[in-house]
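Residues per chain are reported as follows:
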Amino acid sequence: MLIDTLDEADLVVLGDNLDVLPALPGGAFQVIYIDPPFNTGTRQERLTLQTVQDPRGDRVGFGGQRYASVPLSRMGYSDRADDYLEFIAPRLVHANRLLSDTGTLYFHIDQREVHYCKVLLDDVFGRSNFLNEIIWAYDYGGRARDRWPAKHDTILVYVKDRASHYFDQEAVERIPYMAPGLVGPEKAARGKLPTDVWWHTIVPTRGGEKTGYPNQKPEGIVRRALQASSRPGDFVLDFFAGSGTTGAVAANLGRRFAMVDSNPAAIEVMTRRLGVESVKYLTVDSAGAVTPLKTRQ
Ligand SMILES: C[S@@+](CC[C@H](N)C(=O)[O-])C[C@H]1O[C@@H](n2cnc3c(N)ncnc32)[C@H](O)[C@@H]1O
């Protein structure tokens, strides 16, 4: 079992999650956060550019120096499923099996598939174990002119068992009141607890958090989920891990993590982001064989 390895070190696994998940034992994880492809129908790609001095460059900087932008890296993954529910369903069945009795699933999706996934999750987890529909609202990028611009994602939250799930509201970072003048100085200084609508910026273009991986999610979103639904020392799983946001947050909060992704570019980003000292890197093939993975930092 891969979890034997997890006891010694945190885990990053390269492989199709449907090949990896059967190797993880039931009930081992307190939180599963997943942010699967949204089925946009197009390949998701990010080109990272680097600015270099070039006398023929099209940008002029300080002292008349000319600069050009050259491609530094291109990372991407396929985001098209002929039958999305057929793709996601067996993975959600594993998610349910892998959660502890007090555990919680955070399923991050957008308006294209959320309603179909809600019905599917009701089936897999039981309707009574639906805890929340979190709206992550942001405001960036282009605006459609022929409809209301779509500026939110949805995070469906399910627990393994509504009678025993763990949820510690007081462990969550408080946020400023929208109208602090209405609540008095003491309350305003303390801030308020977030509701199920989370206003949060996207990953800032400049700043340490940005990895260049397509559709990277902000650490602040995952932090809130882990603070409320897990304790230090608990195991956290993300089997659509991408740039490893969940692993980075888990490590910062003293949680243990297992990250899975089928894209070698994601594993490269995670190697840089999560380090190699306390993390074991493995690969799982379609026959379920587990082998150590050579990493480049
Ligand atoms: C939206 S991205 C996740 C981004 C991540 N939350 C972050 O903050 O960087 C979805 C990821 O799912 C991965 N993926 C898609 N199908 C997969 C599969 N069958 N098994 C494992 N990973 C898969 C893609 O390679 C991609 O990295």
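For the structure, see preceding data.
Residues numbered from 1 in each chain as written. Predicted model: local features only at pLDDT ≥ 70, side-chain atom pairs only at ≥ 80, totals over all residues.

S.K.: For this particular structure, what's the right way to read the overall build of the protein?
M.R.: Helix and strand counts for the protein come out as eight helices and 13 strands. Since a compact globule built from 297 residues should have a radius of gyration of about 19 Å, the 21 Å found for the protein is in line with a globular shape. Sorting the 297 residues of the protein into buried and exposed places 32% on the buried side. Pairs at least 24 apart in sequence give 68% of the contacts found in the protein among residues at least 6 apart. (Helix = DSSP H or I, 4+ residues; strand = E, 2+ residues; numbered from the N terminus. Rg over C-alpha atoms; globule rule 2.2 N^0.38 Å. Buried ≥ 20, exposed ≤ 12 C-beta atoms within 10 Å, placed from the backbone. Contact = placed C-beta atoms within 7 Å.)

S.K.: What is the right way to read the sheet that holds strand 10 (residues 235–238) from this model?
M.R.: Two orientations exist for strands paired in a sheet by backbone hydrogen bonds: parallel and antiparallel. The mixed open sheet is built from ten strands, whose spatial order is 9-7-8-6-2-10-11-1-12-13. Strands at the two margins of the open sheet, each flanked by one partner only, are strand 9 (197–199) and strand 13 (290–292). The sheet shows a mean angle of 20° between the axes of neighbouring strands, taken without regard to direction. Pairing of strand 12 (residues 279–284) with strand 13 involves three bridges; the strand directions are antiparallel. Paired with Val284 across the two strands is Val290, which belongs to strand 13. Across the sheet, helix 4 (residues 114–125) touches strand 6 (99–109), strand 7 (130–137) and strand 8 (152–159), and the angle it forms with strand 8 is around 5°. Its contacts with the sheet put helix 7 (residues 245–252) on strand 1 (10–14), strand 2 (29–34), strand 10 and strand 11 (256–261), and the angle it makes with strand 11 is roughly 175°. (Pairing = 2+ DSSP bridges. Axes fitted to C-alpha atoms, helices over the stretch in contact; angles between N-to-C directions.)

S.K.: Please clarify how the nonpolar core should be interpreted in this entry.
M.R.: What tends to happen in soluble globular proteins is that the nonpolar side chains get buried as a cluster. Core analysis: the largest hydrophobic core is formed by 59 residues, its most contacted members being Ile32 and Phe107. Each residue touching Phe107, except ones within four places of it in the same chain, is listed here: Ile34, Cys117, Leu121, Ile155 and Leu156. (Core = buried A, V, L, I, M, F, W, Y, C linked by C-beta atoms within 7 Å.)

S.K.: Just to check I follow, could you spell out helix 4 for this structure?
M.R.: For an α-helix, the turn length of 3.6 residues means that residues three or four places apart are oriented alike. Compared with an ideal rise of 1.5 Å per residue, which puts twelve residues at 16 Å, helix 4 spans 16 Å between its outermost C-alpha atoms and is within 8% of the ideal. Here helix 4 has its buried residues at Cys117, Leu121 and Phe125. For helix 4, the arc enclosing every buried residue in end-on projection is 50°, short of the 170-degree limit, so these residues lie on one face. Exposed residues lying more than 90 degrees from the buried face of helix 4 are His115, Val119 and Asp123. The inward-facing, buried residues of helix 4 abut helix 3 (84–98), strand 6 and strand 8. Note on helix 4: the residue one or two positions beyond its end, Gly126, has a positive phi of about 95°. (Expected span 1.5 Å × (residues − 1). Arc of directions from axis to C-beta.)

S.K.: Mind showing me how you'd approach the site of the ligand here?
M.R.: Of all residues adjacent to the ligand, which total 19 residues, the nearest are Phe240, Gly242, Ser243, Thr245 and Asn263. Split by residue class, the shell around the ligand holds seven nonpolar, eight polar and four charged. (Near = placed C-beta within 6 Å. Nonpolar A, V, L, I, M, F, W, Y, C, P; charged D, E, K, R; others polar.)

S.K.: Can you walk me through the packing of helix 7 against helix 8 (residues 264–274) in this structure?
M.R.: Each packed pair of helices is defined by two parameters, the angle between the axes and the distance between the axes. Between helix 7 and helix 8, the least distance of the axes is 10 Å, while the angle of their chain directions is 15°. The angle between helix 7 and helix 8 places the two elements in the roughly parallel class. Here helix 7 runs over helix 8; the crossing is right-handed. Of helix 8, the residues touching helix 7 (which contributes Gly247, Ala248 and Ala251) are Met270, Arg273 and Leu274. Classifying every residue of the contact of helix 7 with helix 8 gives four nonpolar, one polar and one charged. (Parallel < 35°, antiparallel > 145°, perpendicular 65-115°, else oblique. Left-handed = near helix turned anticlockwise from the far one by under 90°.)

S.K.: Can you help me understand the environment of Gly254 in this one?
M.R.: Structurally, the position occupied by Gly254 is in the loop between helix 7 and strand 11. Gly254 sits in the exposed class, given 12 other C-beta atoms within 10 Å. Gly254 sits 128 residues away from Gly126 along the chain, and the two C-alpha atoms are 31 Å apart. Sequence-distant contacts of Gly254, that is, excluding residues within four places in its chain, are made with Pro232 and Gly233.

S.K.: Help me understand the packing of helix 6 (residues 219–229) against helix 7 in this model?
M.R.: Two numbers describe how helix 6 lies on helix 7: the axes approach to 9 Å, and their chain directions differ by 55°. What the angle tells us is that helix 6 and helix 7 run oblique. Crossing of helix 6 against helix 7: the hand is right-handed. From helix 6, Glu219, Val222, Arg223 and Leu226 reach across to helix 7, where they touch Thr245, Thr246, Ala248, Val249 and Ala250. A breakdown of the residues in the contact of helix 6 with helix 7 according to their chemical character gives five nonpolar, two polar and two charged.

Any link to function would need more than the numbers given here.
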